[in-house]
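Examining the three-dimensional arrangement
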Amino acid sequence: MGRYVIRRLLQMIPVFIGTTFIIFTMVHALGDPVAALFGDKAPDPAVAAQIRQQLGLDNPLIVQYGDYMKGIFTGDLGTTFSGQPVTELLKTAYPTTLKLTVVAFTFEVIIGIGLGVLSGMRRGHLADTGVMVMTLIVISIPTFVIGYVLQYLFGVKWGLADATVPEGAPIQSLLLPGFVLASVSLAYVARLTRTTIAENSKADYVRTAVAKGLPRRRVVTHHLLRNSLIPVITFLGTDLGALMGGALVTERIFNIHGVGYYLYQGIVHQSTSTVVGFVTVLVIVFLLANLLVDLLYAVLDPRIRYA
Amino acid sequence: MPDQQPNKPNGVPDDANTELSSAFAQTPTLGAMEVEGMLEKEDLTHAPEQSSESVGITDREVPRSLWQDAWRELRRNPIFIISGILIIFLVIVAIFPGLFDSTSPLQCDLSKSQQGPTSGHPFGFDTQGCDVYARTVYGARASITVGVFATLGTALLGTLLGGLAGYFGGWLDAVVSRIADIFFGIPILLGGLVFLSVIPSRSIWVVVAFIVVLGWPQLARIARGAVITARQQDYVTAARALGAGNVRLMLRHILPNSLAPIIVVATIALGTYISLEATLSYLGVGLKPPTVSWGIDISAAADTFRNAPHMLLFPAGALCITILAFIMLGDAVRDALDPKLR
Amino acid sequence: MGIHATEVTATTGRGRTADSEDAPLLQVKNLQVEFRTRDGVAKAVNGVNYSVRAGETLAILGESGSGKSVSSQAVMGILDSPPGFVTGGEIVFKGQDLLKLSKEQRRKIRGTQMAMIFQDALSSLNPVHTVGTQLGEMFRVHRGTSKSEAKKKAVELMERVGIPAAKERVNQYPHQFSGGMRQRIMIAMALALEPDLIIADEPTTALDVTVQAQVMELLADLQAEYNMGLILITHDLGVVADVADKIAVMYAGRIVETAPVHELYKRPAHPYTRGLLDSIPRLDQKGQELYAIKGLPPNLLRIPSGCAFNPRCPMAQEVCRSEVPPLHAVTEADGTPIEGRGSACHFWKETIHG
C-alpha cells in the first residue's frame, strides 16, 4: 500500500507541473495585462515598462512561472491590479462554490446510486425501463437548458424555490442549483451503478454466495453491492472535479457569486493573476480528488492494494 | 506464477488497469464514462471466441464474426433504427438546410421582435426579429459539424497515440500516458473558458480543434488498453512467430481486434461533444455570430425566457433531440458489440 | 418429451452390497430444464434420472453443453432464472421433493445439507473479502456464531484441508493464494457445515496436473471421513476412474449410459462412450492414429430428431433418426442383468458384445 501511494504521488508531480504550466501560458496569451490596466487609454511607455518590471512581467515566461510556483507554496497567489490579494478573492468565492458542490454531490450520491440500484436489481422491469429512459433524456439535455427550465418552473412559475441565489448563499437557496448541477452526473452514476450491478450479478462469486445459502439480502449487500460500488465510487471521486467545473455554468444561471463568477470577471478584465490563481486552485483540487480516488480504490479493492 | 496474479481481466497489466480506472472523463459533458466503467472490466475484443464457446445457446453451424453478429443485433434493435433514421434526417438538414426552409436565418425584422409562432413562422421570432424556425434549421449544421469532426479528430488522434503507446510500451507509453494525464488534469469547461478566450477567431474549426486537444486522452486510454489486450492474444504471438512485421501486425491483427471499444466510446462521445459545443457557446467562448448555432440562440434567449419561452425551447429541443439520437446510437452500438450484456 | 427412461438404481462400488430398502440420499427423477433465450428455447436437460447414496460418488461425464452442470445447478437451486427454468421432474433429497419447497426452505438447505464446489476458485471467491470472512460467513449466517468464533472455525477448516500457516493466511485475500490452495479453500467452504451431499463441478479442471491429484485425493478422503454423497461433474475420464463409484454419461441433456465405473471402462455400451474412451491416448497403442468423434455437439436449440447422437454415430441406422432410444437395461450376452448398467442406444447389444 505504501509503495502504491508513493508511486501515485510521484506520478502526480509532472502532471501538476504540466497542467499548471499550460494554464499559465494560455492565460498569459490572453493579452497584455498592463495595457488592460490602462483601459482604453494608451499607457505611457515608461510607466508601463516600470510596472512590467515591478511585476516581473519582463522576465521570460518560464521564469515568471517559476516565481509563481514559489508563491503558491508560500500561500501567495499575487494581487489583482486593483491591489486586492487573489487569496482574499478566493476566500470570498470558494465557500459558496464549495457549498454548491457539496449540495450537488449529495444529490448525486443519494439519487444516482439509489436509482442505479433500483434499476440494476429489477432489470427488465418497469422501474428499470423508467430509470433508463429518464437518465438518457437527462444526459441529452445540456445542463444550462435544464437550469433555465427548472429555474423558470420552480423559481418563477410555481414559486417553490429562489430563482436566483441571494448574497451569502444560504443552503436552502442552493438546493435547486445543486440539483441542476448534479443532474447530468446523477444520470451517469445511475447508469454506471446499473451496469456494474447487472454485470456482477452474473459473477461467479455471487453464484457462490447463493450456493452458500446466504439470505438474498446478504448476497446483495455483502457481495453484489460491495463489489459493484467500487467503480461507482471511483467515478464519484473524479466527478467531484467536474462538478466544480460545471459550477461555472450553474453559477451563471442562478447568479451565484462563486468561483465561476470571479473567474469570468477575471477573463473579461484580462486580470491574469485572478485567472491563473483561480484556475490553479481548481486544478489542484481536481488532481487531489483524483489522487484520493486512486487511494480509495486501493482501499476498497485488495487486488490493487497488494499488487 | 500465474496463480499469484490478481484477478485482472484478460491479463491487462496492472498499470493498464489503474490507468483505465482513472480514465473516467472528468466531466459529464465529455462523457461516455459509463461505457468506460464497463470497458474497464470487459474486453470486447474477446467477443468472437466467447460467443462460440457458450455452447448450445449459440449457433454452432454458422460461426459469425463479432461484426456480423453486431450488425444482426443492431438491425433488430428498434432504438438503433429510430436513432439511425433521426441522424440521417439531421445530417440531411445540416447539409441542405435550404430544403427545409426558404427564409434566411440572417434576414431579420426588428419589428417582429419576440413575437410568438404565427402561420408561416411556426417557431416565432427572436429578439432580433429573426425567424426561429430558420435559425433552428440552419443551426443543425454547426452542431453536427462540431460533433462529427471533433469525434473523428479525437478518435484518430487518440487511437494513434494510445495504440502506439500500447503497442510499443516502454518510454513511448510513459510519455504518452503522462501527456494524457496532463490534459486530463484540466477540467474541460475551465479549459474552454481560458483557452478559447485567448483565440480571437471563433470559427467552428477552432472549437473542433479545442475539443480534440482536450478530448483525445479519453480515446487514447481506451485504445491503449484495447491494444495491450489484443497484443497479448495468442494469434498475435503466432503471427509474430511467423515473421510478421510491426506494421503488418498492427494493421492486420491488432487494429481490427481493438476497434470495438473505441467505436463504442467514440459514438457516445459524439453526443456529448455536441452538448459541449452548445455549453461553450452559451458561456460565450464557443461559436460567435454570424455563425448560426443552437448554443448561441439558447444563450441569447435565456434572458427573455420568462416572456418569450419559445425562443429558447425550440432550439433547445432540437439540440436535445440531436444529442439524444447520437447517445441512443452509441448505446445500441455498445449493446451490440458487447455480448455480455445480451 | 415422453421418454420413460428406466430408473437406474445403481449399487455402489467399494464392496457395499445393495441395500435397496435404504432410500438414496438424492434421487433425481425425469428432470427437465430449459433456457428461454432470445434465439429460442434451449432444452438443456431432457429427462435426467440418477441417484446418489451417502458415501457414494457419482460421476457425471459429458462435454460442455451436455447439461451436466445445468442439472446440478438445478439440484442446488442456483439456476440463473431467467433464462433457466426447471420445467419438470422431481429432485428428492432426504425424502422430500426440493422442487416443492419454498425459496427460503431451499436456501436453508444450501450450504448446510448440500454444498457445491466450483471450477474456477479464483472467480468463485469474492475478491474483496478475506478468505477468513468468506469461510466464517457460513457459520455466521447458518449457525449465528460470533465473529471471533467464526474466524476460529475458519482457521480450523483451513488446517483441515491442508493449508499451511492457516492462522496467518486466514486474513489474506483469494488472489494471494495459489490455484491449488484456493481450490482447497473452496472445498473447506463446502465442507464447513458438514453437508450430506457435495456437488463438485469440474473441481480440478483449472489446476495443474500434479495439483489435480492432490485436490482429488483430499476430496475423496473428506468424503469418506464424513460419509457424504458426492456428485463429481467432469469431462475428464482420467479424473473419474480413481474416485467414482458409478458413472452417468450425458449427451445433449440426456443420460446416455450409466454404469459402475470399471464396467464402463472395460466395455462401454453406448457408441458415444466408446468414442470418448477411444479418444484417450494410450501408451500401449503408440503409433496408431488416435480416434476422434466426428462432428460437433448438437445445438440445443435444434436437437436432432431420434437419438441426439445419430449425426455423429458410426453405427447410426434409420431407426436412430426417428426414434428416441429409452435407457435400456444392459445385460450380459446370455441375458443375466448387470447391476446398475443402462444404455440409451438402440444397438447397445451390438456395442457391448461386439
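Quantities reported herein were computed from a predicted structural model and do not represent experimental measurements.

A few words now on the packing of helix 1 (residues 2-28) of chain A against helix 7 (residues 170-184) of chain B. Taken N-terminus to C-terminus, the directions of helix 1 of chain A and helix 7 of chain B make an angle of 55 degrees; their axes are 8 Å apart at the nearest point. The angle between the axes of helix 1 of chain A and helix 7 of chain B places the two elements in the oblique class. The handedness of the crossing between helix 1 of chain A and helix 7 of chain B is right-handed. Here Gln11, Pro14, Val15, Gly18, Thr19 and Ile22 of chain A of helix 1 of chain A come into contact with helix 7 of chain B, specifically with Arg178, Asp181, Ile182 and Phe183 of chain B. Of the residues assigned to the contact of helix 1 of chain A with helix 7 of chain B, the class counts are 5 nonpolar, 3 polar and 2 charged.

Take the nonpolar core next. Counting 156 residues, the largest nonpolar core has Phe144, Leu263, Phe278 and Val279 of chain A together with Phe210, Ile211 and Leu312 of chain B as the members making the most contacts within it. Sorting elements by how many residues they give to this core places helix 13 (residues 310-337) of chain B first, with 16 residues. In contact with Phe144 of chain A, not counting residues within four places along its chain, are Val249 and Ile253 of chain A together with Ala278, Thr279, Tyr282 and Ile298 of chain B. Formed by 80 residues, the second largest nonpolar core is a distinct cluster that contains Ala211 of chain A together with Met189, Val239 and Ala248 of chain C.

This part is about the state of the cysteines. Counted according to the given criterion, the structure contains 0 disulfides over all chains. Looking at the unpaired Cys345 of chain C, the closest cysteine sulfur is the one in Cys313 of chain C, lying at 6.0 Å.

What follows concerns the packing of aromatic side chains. Going through the model one piece at a time under the given rule, you end up with 16 aromatic pairs over all chains. The interplanar angle of 20 degrees and the centroid separation of 6.3 Å between the aromatic rings of Tyr262 of chain A and Phe278 of chain A together place this pair among those described as stacked. Within this pair, whereas Tyr262 of chain A is found in helix 11 (residues 259-268), its partner Phe278 of chain A is found in helix 12 (residues 272-300), the two being separated by 16 residues in sequence. Relative to Phe168 of chain B, the ring of Tyr167 of chain B lies with its centre 5.0 Å away and its plane at 85 degrees, an arrangement referred to as edge-to-face. Look at Phe168 of chain B and you get partly exposed, because its relative accessible area is 43%.

Attention now goes to the pattern of salt bridges. For the structure shown, the criterion picks out 26 salt bridges over all chains. Close ionic contact of Asp331 of chain B with Arg191 of chain A constitutes a salt bridge, the shortest N to O distance being 3.0 Å. Separated into two different chains, Asp331 of chain B in helix 13 and Arg191 of chain A in helix 8 (residues 171-200) make up a pair that spans both. Each member of the pair, Asp331 of chain B as well as Arg191 of chain A, carries the same accessibility label: buried. Note that Arg107 of chain C and Glu104 of chain C form a salt bridge whose closest N and O atoms lie 2.6 Å from each other. Of this pair, Arg107 of chain C and Glu104 of chain C are both found in helix 2 (residues 103-109), 3 residues apart, which corresponds to roughly one turn of the helix.

Our next topic: the environment of Met315 of chain C. Residues and elements named next belong to chain C. Counting through the fold element by element, Met315 comes out in the loop between helix 11 (271-278) and helix 12 (318-322). Considered as a pair, Met315 and His346 are 31 residues apart in the sequence and their alpha carbons are 9.8 Å apart. Residue contacts for Met315: discarding those within four places in its chain leaves Pro271, Arg274, Phe347, Glu350 and Thr351.

Before going further, it helps to examine the interface of chain A and chain B. The interface is formed by 62 residues belonging to chain A together with 58 residues belonging to chain B. Counting the surface chain A buries against chain B, the share from its top three residues, Phe144, Tyr148 and Tyr188 of chain A, is 11%. On the surface where chain A and chain B come into contact, there are 1 salt bridge. The tally of links between chain A and chain B comes to 6 residue pairs in polar contact (both at pLDDT 80 or more). At the level of secondary structure, the elements contributing two or more residues to the side of chain A that touches chain B comprise helix 1, helix 6 (126-140), helix 7 (143-157), helix 8, helix 10 (216-253), helix 11, helix 12 and helix 13 (302-305) of chain A. Taken together, the residues of the side of chain A that touches chain B break down into 42 nonpolar, 11 polar and 9 charged.

Further remarks concern the sheet that holds strand 5 (residues 96-97) of chain C. All names here are of chain C. Sheet architecture is open: 4 strands sit in the order 2-1-4-5, paired in antiparallel fashion. Both outer strands of the open sheet, strand 2 (40-52) and strand 5, are each paired with one neighbouring strand and no more. Seen against the sheet, helix 1 (residues 68-76) touches strand 1 (26-37), strand 2 and strand 4 (84-93) and runs at an angle of roughly 110 degrees to strand 1.

Attention now goes to the sheet that holds strand 10 (residues 254-260) of chain C. All names here are of chain C. Taken in spatial order, the 8 strands of this open sheet run 6-7-8-3-9-10-12-11, and their pairing is mixed. The two strands at the open ends of the sheet, each matched to only one other strand, are strand 6 (114-117) and strand 11 (328-331). When the angles between neighbouring strand axes are averaged without regard to direction, this sheet yields 20 degrees. Relative to strand 9 (residues 246-251), strand 3 (residues 57-61) runs parallel, the two sharing 4 bridges. Looking at strand 9, one finds that Ile60 is bridged to Ala248.

So, how was this worked out
Residues numbered from 1 in each chain as written. Chains lettered and ligands numbered in written order. Predicted model: local features only at pLDDT ≥ 70, side-chain atom pairs only at ≥ 80, totals over all residues. Heavy atoms only, no water. Axes fitted to C-alpha atoms, helices over the stretch in contact; angles between N-to-C directions. Helix = DSSP H or I, 4+ residues; strand = E, 2+ residues; numbered from the N terminus. Parallel < 35°, antiparallel > 145°, perpendicular 65-115°, else oblique. Left-handed = near helix turned anticlockwise from the far one by under 90°. Contact = heavy atoms within 4.5 Å. Nonpolar A, V, L, I, M, F, W, Y, C, P; charged D, E, K, R; others polar. Core = buried A, V, L, I, M, F, W, Y, C linked by side-chain atoms within 4.5 Å. Buried < 20%, exposed > 50% of the residue type's maximum accessible area, 1.4 Å probe, protein only. Disulfide = S-S within 2.5 Å. Phe/Tyr/Trp six-rings, centres within 6.5 Å; stacked < 30°, edge-to-face > 60°. Salt bridge = Lys/Arg side-chain N within 4 Å of Asp/Glu carboxyl O. Buried area = accessible area lost by both parts, 1.4 Å probe. Polar contact = N/O pair within 3.5 Å; in protein donor to acceptor, adjacent residues only side chain to side chain. Pairing = 2+ DSSP bridges.

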